[in-house]
Amino acid sequence: MERRPVILSGIQPSGRLTIGHYTGALRNWAALQPTHACFFMIADLHAITVRQDPIELRQRTLEVAALFIACGIDPSQSTLFVQSHVPEHTQLTWVLTCFTGMGECSRMTQFKEKSAQYRHNINVGLFAYPILMAADILLYQADLVPVGADQKQHLELTRNLAERFNHLYGQIFRIPEPYIPPVGAKIMSLQEPTKKMSKSDPNDNAVLFLTDSPEDIHRKIRRAITDSGREIRYDEKQRPGLSNLIVLYHIATGKSITEIEHEFEGSGYADLKAALAEALIEFLRPIREEYGRLCDAKDYLQNILLRGAEKARTRAHQTLQLVHNCVGFLPTLTPEAAVGMAHNR
Ligand code: TYM
């Protein structure tokens, strides 16, 4: 049988998901799912690098699972699971940590940004975060990792670690390629369009959540910061605010950037904003409705995640065993042998 290329990607359950998560990740996951063997993960281990309320984290984890499905991830085609349910992630992380230089982690832009943002809690987990991400990817022998532009540097580190390990021990890890979409790889804040839209932004008007109500969407788009100028023309450098809105309109309608520029020839920003708000409301409506239904089906979601973790574990365990063997760990018992020993006691 032909081997389908493998995908692994993940999202942290550390807040409500935004339209950026959709364009940078979920939309591409759904599009790639028919042709790839996909593992989609809720990265709860990553989430605790920043202090989380335990009750909220548990709830958010299920909410993220519901949104995966509402955005088109089909649990009968793809494996959905929670990172902490597969202990091999933390096990491989330790081994890879011993192959990573301090300088490699301290160079990471996200580490620099987060340690500035969370000054009171610059923990070692925040520092080692990209190594855990490398372990996530390499455990599944992923060929492709669909992510937004902000994860590119972490993918480079992953590739470097894999190559370093392979150089020492032979072809253990597949070297993964990033998949960064040509449009929507970095949706910007609606209030500060030179900054990435982020779920942790304290200004609610800066962020468009996937579950926002029509009223929220109207308000946020109306208040979105645009640049001085009149024409509706895409220019990321000179007019980042306007260009961000054009990208959102493209996502919501499927129209090309050129088609959009033609559509609004002779119109002003207010016309674009009005049309965009309507288009986003219609586009997000089925996602919000399906999400609402799924949130009431906690058992169904939990079952999917538990079954997903089992499938993920089988694959992850094979890679981990290879790695443990390479570095010289004594083999452990297979589960069957362990049962046999217990009987004989
Ligand atoms: P996270 O949870 O910050 O974001 C999840 C995915 O959404 C993308 N994204 C965006 N894309 C475009 N515009 C935006 N404004 C925007 N905001 C978020 C991110 O690029 C990402 O693809 N470390 C990862 C989670 C992770 C992971 C992995 C990803 C853990 N292990 C293994 C891939 C492979 C993170 O924090 O993503």
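That block above? That's the structure.
Draft legend 1. Fine view of unusual backbone geometry. Although it is not a glycine, Gln141 sits at a positive phi angle of roughly 55°. Tracing the sequence through the fold places Gln141 in the loop between helix H7 (124–139) and strand E4 (144–146).

Draft legend 2. The packing of aromatic side chains, seen in detail. Within the structure shown, the criterion is met by 11 aromatic pairs. Between Phe81 and Tyr140, the aromatic rings sit 5.7 Å apart at their centres with planes inclined by 40°, giving tilted as the arrangement. Of this pair, Phe81 sits in strand E3 (residues 79–82) while Tyr140 sits in the loop between H7 and E4; the two residues are 59 residues apart in sequence, bridging distant segments of the chain. Here Phe81 matches Tyr140 in class, with each residue buried. A centroid spacing of 5.5 Å and a plane angle of 70° characterise the contact between Tyr249 and Phe264, whose relative ring orientation is edge-to-face. Of this pair, Tyr249 sits in helix H10 (residues 240–253) while Phe264 sits in the loop between helix H11 (257–263) and helix H12 (269–295), placing them 15 residues apart in sequence. Residue Tyr249 is classed as buried on the basis of its relative accessible area of 4%. By relative accessible area, which is 6% here, Phe264 ends up buried. Grouped by ring-pair contacts, the aromatic residues Phe99, Phe165, Tyr169 and Phe173 constitute a single cluster. Taking NZ or CZ as reference, Arg16 lies 4.2 Å from the ring centre of Phe209, over its face.

Draft legend 3. Region of the structure containing the environment of Ala312. On the secondary structure map, Ala312 appears in helix H13 (residues 298–327). Taking relative accessible area as the criterion, Ala312 reaches 0% and is therefore assigned buried. When the C-alpha atoms of Ala312 and His85 are compared, they prove to be 9.3 Å apart, with 227 residues separating the residues in sequence. Contact partners of Ala312, with chain neighbours within four places excluded, come to Phe39, Thr79, Phe81, Val86 and Tyr140.

Draft legend 4. Up close: the packing of helix H3 (residues 54–70) against H12. Where H3 meets H12, the closest approach of the two axes is 9 Å, and the angle between their N-to-C directions is 135°. Accordingly, the angle class assigned to the pair H3 and H12 is oblique. In this structure, H3 meets H12 at a crossing whose hand is right-handed. On H12, the residues that touch Glu63, Ala66, Leu67, Ile69 and Ala70 of H3 are Ile287, Glu290, Tyr291, Leu294 and Cys295. Classifying every residue of the contact of H3 with H12 gives eight nonpolar, no polar and two charged.

Draft legend 5. Representation of the pairing of E3. Residues Thr79 and Phe81 of E3 are buried on one face, and the alternating residues Leu80 and Val82, pointing to the opposite face, are buried as well. The sheet contact formed by strand E2 (residues 37–42) and E3 spans four bridges and is parallel. Along E3, the bridge assignment pairs Ile42 with Val82.

Draft legend 6. Structural view of the pairing of strand E1 (residues 6–11). Counting buried residues along E1, five of its six residues qualify, which places the element largely inside the surrounding structure. Here E1 pairs with E2 via six bridges, running parallel. Bridging across to E2, Gly10 finds its partner in Met41. Once you follow E1 into helix H1 (residues 19–32) and on to E2, the crossover reads as right-handed.

Draft legend 7. Broad picture of the pattern of salt bridges. Under the definition given, this model contains 19 salt bridges. Where Asp212 meets Arg16, a salt bridge forms, and the shortest distance between an N and an O atom there is 3.4 Å. On the criterion of sequence distance, the pair formed by Asp212 in the loop between strand E5 (177–179) and helix H9 (214–223) and Arg16 in the loop between E1 and H1 is long-range, its members being 196 residues apart. For Asp212, a relative accessible area of 1% puts it in the buried group. Within this structure, Arg16, Asp204, Asp212, Asp216, Arg219 and Lys220 form a network of salt bridges that share partners.

Reading the values: rules and limits
- Residues numbered from 1 in each chain as written.
- Predicted model: local features only at pLDDT ≥ 70, side-chain atom pairs only at ≥ 80, totals over all residues.
- Heavy atoms only, no water.
- Helix = DSSP H or I, 4+ residues; strand = E, 2+ residues; numbered from the N terminus.
- Phe/Tyr/Trp six-rings, centres within 6.5 Å; stacked < 30°, edge-to-face > 60°.
- Buried < 20%, exposed > 50% of the residue type's maximum accessible area, 1.4 Å probe, protein only.
- Lys NZ or Arg CZ within 6 Å of the ring centre and 35° of its normal.
- Contact = heavy atoms within 4.5 Å.
- Axes fitted to C-alpha atoms, helices over the stretch in contact; angles between N-to-C directions.
- Parallel < 35°, antiparallel > 145°, perpendicular 65-115°, else oblique.
- Left-handed = near helix turned anticlockwise from the far one by under 90°.
- Nonpolar A, V, L, I, M, F, W, Y, C, P; charged D, E, K, R; others polar.
- Pairing = 2+ DSSP bridges.
- Right-handed = clockwise from strand over helix to strand, strands pointing away.
- Salt bridge = Lys/Arg side-chain N within 4 Å of Asp/Glu carboxyl O.

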